[in-house]
Amino acid sequence: PALVEAFPWPNPLDPGRFRALRSQAQTLRAASDAALILVLGVGAVHQIQFMRGYAAALEDLIAAPDFVQAFLERYADFWTCMTERALETVGDLVDLTMFGDDLGTQQGPVMSPTLYRRLIKPTHARMVQAIKKFHKPVLLHSCGSVAAFIPDLVEIGIDALHPVQVTARDMDTARLKKEFGRDITFWGGIDTHRVLPRGTTAEVREEVRKRIADLAPGGGYVLGAVHNIQAEVPVENI
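Keep in mind that what you see is a predicted model, and the values were worked out from it rather than measured. Numbering of residues begins from 1 in every chain and follows the order in which that chain's sequence is written. The model is predicted, so local features are restricted to residues of pLDDT at least 70 and side-chain atom pairs to those at 80 or more, both for listing and for counting; the totals for chains, interfaces and linings are taken over all residues. Each side-chain value is derived from all of the structure's non-hydrogen atoms; neither hydrogens nor water enter the calculation.

(A) Expanded view of the overall build of the protein chain. A run of DSSP states H or I qualifies as a helix once it reaches four residues; a run of E qualifies as a strand once it reaches two. Both are numbered from the N-terminal end. Secondary structure summary: the protein chain contains ten helices and six strands in total. Atoms considered for the radius of gyration are the C-alpha atoms alone. The globule rule reads 2.2 Å times the number of residues to the power 0.38. Radius of gyration (C-alpha) of the protein chain: 19 Å, near the 18 Å computed for a compact globule of 238 residues. Across the protein chain, every contact between residues at least 6 apart in sequence was considered, and the portion connecting residues at least 24 apart equals 76%. The protein chains shown are the only cover counted for residues, whose accessible areas, like all others here, come from Shrake-Rupley with a 1.4 Å probe. Accessible surface computed for the protein chain: about 11800 Å², of which carbon and sulfur atoms make up 55%. One way to put it: in the protein chain the 25 positive side-chain charges average out to a point 2 Å from where the 28 negative ones average out. Every residue pair with non-hydrogen atoms within 4.5 Å of one another is taken to be in contact. By the counting rule applied here, Lys and Arg register as positive and Asp and Glu as negative, while His and the ends of each chain are not counted. The atom standing in for a charge is NZ when the residue is Lys, CZ when it is Arg, CG when it is Asp and CD when it is Glu.

(B) The arrangement of unusual backbone geometry in detail. With an omega dihedral of 10°, the bond running from His162 to Pro163 counts as a cis peptide bond. Positive phi is not limited to glycine here, since Val164 has a value of about 55°. The phi dihedral of Asp170 falls on the positive side, at around 65°, and the residue is not glycine. Looking at where Asp170 falls in the secondary structure, it is placed in the loop between strand S4 (160-162) and helix H8 (173-180).

(C) Quick look at the pattern of salt bridges. One side-chain nitrogen of Lys or Arg within 4 Å of one carboxyl oxygen of Asp or Glu is enough to make a salt bridge. Scanning the model with the defined rule gives 14 salt bridges in all. With a shortest N-O distance of 2.6 Å, Lys132 and Asp159 are connected by a salt bridge. Here the residue Lys132 occupies a position in helix H6 (residues 113-132), and Asp159 occupies one in the loop between helix H7 (150-156) and S4, the gap between them amounting to 27 residues. Given the relative accessible area of 29%, Asp159 is considered partly exposed. In this structure, Arg194 engages Glu203 in a salt bridge whose closest nitrogen and oxygen atoms are separated by 3.6 Å. Residue Glu203 is classed as partly exposed on the basis of its relative accessible area, which comes to 28%. Each residue's exposure class comes from its accessible area (1.4 Å probe, protein chains only) as a fraction of the maximum for that residue type: buried when under 20%, exposed when over 50%, partly exposed otherwise.

(D) Examining the environment of Gly16 more closely. Mapping Gly16 onto the fold places it in the loop between helix H1 (2-6) and helix H2 (21-31). Among the residues examined, Gly16 registers a relative accessible area of 42% and is labelled partly exposed. Sequence separation between Gly16 and Gly219 is 203 residues, and the spatial gap between their C-alpha atoms is 39 Å.

(E) Looking closely at the nonpolar core. If you look at the biggest cluster of nonpolar residues, it comprises 66 residues, and the most contacted ones within it are Met111 and Phe186. When residues of this core are assigned to their parent elements, the largest contribution, twelve residues, is made by helix H5 (residues 65-90). Beyond its immediate stretch of four places on either side in the chain, Met111 contacts Val45, Leu61, Tyr116, Ile120 and Phe149. The nonpolar core is taken to be a set of buried Ala, Val, Leu, Ile, Met, Phe, Trp, Tyr and Cys residues, with the residues joined through side-chain atoms within 4.5 Å.

(F) Summary view of the side chain of Thr83. Take Thr83: it is sitting in helix H5. Looking at Thr83, the relative accessible area reads 1%, which means it is buried. Those residues within four positions of Thr83 in sequence are excluded, and the remaining contacts are Leu40 and Ile131.

(G) Fine view of the side chain of Lys177. Its location among the elements puts Lys177 in helix H8. Among buried charged residues, Lys177 stands out as having no salt bridge; its nearest opposite-charge side chain is Asp214, 10 Å away. A polar contact of 3.2 Å, which involves the side chain of Lys177, links it to the backbone oxygen of Pro217. For Lys177, the residues in contact, after removing those within four places along its chain, are Phe186, Asp214, Leu215, Ala216, Pro217, Gly219 and Gly220. In the analysis that follows, any N or O atom pair within 3.5 Å is treated as a polar contact, provided that within protein one partner can donate a hydrogen and the other can accept it, and provided that, for residues neighboring in sequence, both atoms belong to side chains.

(H) Focus on H8. Turning to H8, its buried residues are Thr173, Leu176, Lys177 and Phe180. One side of H8 carries all its buried residues, which in axial view fall inside an arc of 100°. With a side-chain oxygen lying 3.3 Å from the backbone nitrogen of Ala174, the N-terminal cap of H8 falls on Asp172. Directions pointing from the helix axis toward each C-beta atom define the arc.

(I) Just the environment of Asn228, in detail. In this structure, Asn228 sits in the segment after strand S6 (221-225). Along the primary structure Asn228 and Thr192 are separated by 36 residues, whereas in three dimensions their C-alpha atoms are 7.8 Å apart.

(J) Geometry of the sheet that holds strand S2 (residues 96-100). When DSSP finds two or more bridges between two strands, those strands count as paired. Taken in spatial order, the six strands of this open sheet run S1-S2-S3-S4-S5-S6, and their pairing is parallel. Strands at the two margins of the open sheet, each flanked by one partner only, are strand S1 (37-39) and S6. Each strand of the sheet is rotated relative to its neighbour by a mean of 25°, with strand direction disregarded. Where S4 lies against strand S5 (residues 185-190), two bridges are found, and the strand directions are parallel. Note on geometry: axes are lines fitted to C-alpha atoms, helical ones only across the stretch in contact, with angles between N-to-C directions running from 0 to 180 degrees.

Everything listed is a geometric property; what it means functionally is a separate question.
Structure, rendered in structure tokens:
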């Protein structure tokens, strides 16, 4: 905890963070009737990984939980302060908010659900509560196999989950819809691992039809690529 307090934390209310925010939102709002997303600062898991290194941050969860807890509380102070000012600035112009915290790998969760609930979930709950004061939906970007965390995400108020990485373990879209479709919107789902870059146009069509059939019934699905469409994706597949 002393290390956390000794760190020279930046000012969450630095005017430079917000100087062009409203004019940018106004320009985008005037140019399109598409939903406008306010992308917020990175999540707490990402931030501790960026500052400690990926491996060390994972080790800290087990070896130094007091440090992790102190860090997360201090980062949540920073993040919620910055977020509230951003929403005070453009809340009337945006439709929803988004932040990212990857909780999964290709093969499973980054951490056990028990560890998540003890150390990370309280911080995520604080972050979501800061947004909900402004009555905005929350889209969480979380790559990989994250099915194990969905009940917790629903409980703390996450409205939509992106990117629905369908090639990861336990991310079968029919199962996800059956178990969680009444409680959370799924956003993404079109495979960028193999189908978009390497599949035929027929396979892309088949992929799109499958995800719509699995995730769209009753609403609660925003169709999109699992992640950014990279340069090697053939134009006809897009």
